Amino acid sequence: MSATSTDRSAVESPYELDIYPKRGIQIVRGKDAKVWDHEGREYLDAAGAYGVANVGHANEEVARAVGEQARKLVSCPGAFSSDVRSKLLQKLVAIAPKSLTRAFLCNSGTEALEAAIKFARYTTGREEFVCAMRAFHGRTLGALSATYEPKYKQEFAPLVPGFTHVPFNDCSRLEEAVTERTAGVILEIVQGEGGIHVGDGEYFATARRVCRERGAMLIVDEVQTGFCRTGRMFASMHFDLEPDMMCVAKGIAGGLPMGATLVSDAVAAPTGLHGSTFGGNPLCCAAASAAIDFMKRHRLDERARERGDLLVSLIEPKKLSRVREVRHLGLMIGVELREKVTPILRALQQRGVLALPAGKTVLRLLPPLVITEGEIRYLADQIAEELR
Ligand code: PLP
């Protein structure tokens, strides 16, 4: 019997807290852009494990690095230096926008944002933050305060005070909102959860100038856009943007849990007042090092650009009556529908394609960047058949 949507007990643990709305399948294996369920059914993973699997599922080079490191040393807290951590930090700074010279390593995107919020307060001695409407920055209380969508926040009030939200891509509203009390401006380059909205160059140039003029830190959240997803190593690079801090996670370590807050020389961080037990552990550092090498050697930035353009050319709204608009940067794609997205996600899953929502009406595609041209055409065909 197929486990899709009908047989919950076959695929879900009765011991798991009911946090995630479930898809009704149990995934047991992955390779490159594909995953398989417990009954052997194959899926093309256009959700990319929530934008994590940039180098593909079960990447051989990451697996080898993890295996070797697991036999050598898994734990090494931050107070002790580590050869693999040093190597990774050097690689990370080398591929980042030039303004960023050092990094704090943690375990997730939300933690990277928490660190940025604390470092901005510590550096500036100020309390307030300006963020964008539709922004998503994570689920811990600081990052959640920077997040816009009230649905994620209202059940957990009170949040951290001092966060205001102004319309994304609106230069004058941003300029008005940043004052001498602002510790930081926090922005995504492409809003992901908020519906795949690409920021423009003038907006980011304004943010950079206003932060500099008023002594605030410019913090970019590249948790979803980083590591070649948008067609450059980091999306800030499309706009020659040199932030004071950059938060990354998701694709950094080939699927292992890691986040990082990269900072410029303008940022001060207090010794002994922030940290993370698992942050920068050798296992995740080895995975991240291998993943970054893989991205560079296989030019995943170029691939994301080419494959993203190809996919978007194949699912033009002109050809599909139920599509209002397609927005994208590289392989970060949002298909704005004229209807709710949840039934479409279910229908695509029945067709063997996993995808994501971004809000109520946007179908979000974040496939592994190693997706082949054939798989892109297959994905486009499935979407077209569903949305024609
Ligand atoms: N920031 C952005 C832009 C994200 O898309 C996400 C997660 O989707 C986060 C932060 C939070 O990352 P994590 O789920 O690793 O805490």
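Structure first, text after, so check above.
Being a predicted model, the structure only gives us computed values, none of them experimental.

About the thresholds
- Each residue is numbered by its place in its chain's sequence as written, counting from 1.
- Local features in this predicted model are restricted to residues of pLDDT 70 or higher, and side-chain atom pairs are both shown and tallied only at a pLDDT of 80 or more, whereas totals for entire chains, interfaces and linings draw on every residue.
- Working from all heavy atoms in the structure, the side-chain values ignore hydrogens and water.
- By nonpolar core is meant a set of buried Ala, Val, Leu, Ile, Met, Phe, Trp, Tyr and Cys residues that side-chain atoms within 4.5 Å join together.
- In this scheme, a residue with accessible area under 20% of its type's maximum is buried, one over 50% is exposed, and one in between is partly exposed, where area comes from a 1.4 Å probe on protein chains only.
- Where helices and strands are cited, they refer to DSSP runs of H or I of at least four residues and of E of at least two residues respectively, numbered from the N terminus.
- A contact between two residues is defined here by any heavy atoms of the two lying within 4.5 Å.
- Pairs of N or O atoms are called polar contacts if they sit within 3.5 Å, as long as, within protein, a hydrogen donor faces a hydrogen acceptor (for residues adjacent in sequence, only side-chain-to-side-chain pairs).
- Axes here refer to lines fitted to C-alpha atoms; in helices the fit is confined to the stretch in contact. Angles between the N-to-C directions go from 0 to 180 degrees.
- Helix crossings are classified by the rotation of the near helix relative to the far one: an anticlockwise turn of less than a right angle makes the crossing left-handed, while a clockwise turn makes it right-handed.

Novice: For this particular structure, what's the right way to read the nonpolar core?
Specialist: Burial of nonpolar side chains together is a common tendency in soluble globular proteins. Leu92, Phe227, Ile252, Met258, Val335 and Leu365 are the most contacted members of the largest nonpolar core, which has 88 residues in total. If one sorts the elements of this core by residue count, helix 10 (residues 282–297) sits on top with 11 residues. When near neighbours in sequence (up to four residues on either side) are disregarded, Ile252 contacts Leu92, Phe227, Met258, Ala260, Ala288, Ala291 and Ile292. Counting residues in hydrophobic clusters, the runner-up holds 24 residues, among them Ala116, Cys131, Ala146 and Ile219.

Novice: Got a minute to help me understand the environment of Asn54 in this structure?
Specialist: One can find Asn54 in the loop between helix 2 (48–51) and helix 3 (60–72). Owing to a relative accessible area of 1%, Asn54 belongs among the buried residues under this scheme. Note: C-alpha distance between Asn54 and Phe227 (173 residues apart in sequence) is 7.5 Å. For Asn54, the residues in contact, after removing those within four places along its chain, are Gly226, Phe227, Arg229, Gly251, Leu300, Pro368, Leu369 and Val370. Of note is the side chain of Asn54, whose polar atom sits 2.8 Å from the backbone oxygen of Phe227.

Novice: What's the story with the packing of helix 4 (residues 83–95) against helix 10 in this structure? I'm lost.
Specialist: The geometry of a pair of packed helices is captured by two quantities: the angle between their axes and the separation between those axes. At a closest axis distance of 9 Å, the pairing of helix 4 and helix 10 adopts a crossing angle of 35 degrees. Here helix 4 runs over helix 10; the crossing is left-handed. When helix 4 is examined against helix 10, the residues Val84, Arg85, Lys87, Leu88, Lys91, Leu92 and Ile95 are found in contact with a partner set consisting of Pro282, Cys285, Ala286, Ala288, Ser289, Ile292, Asp293 and Lys296.

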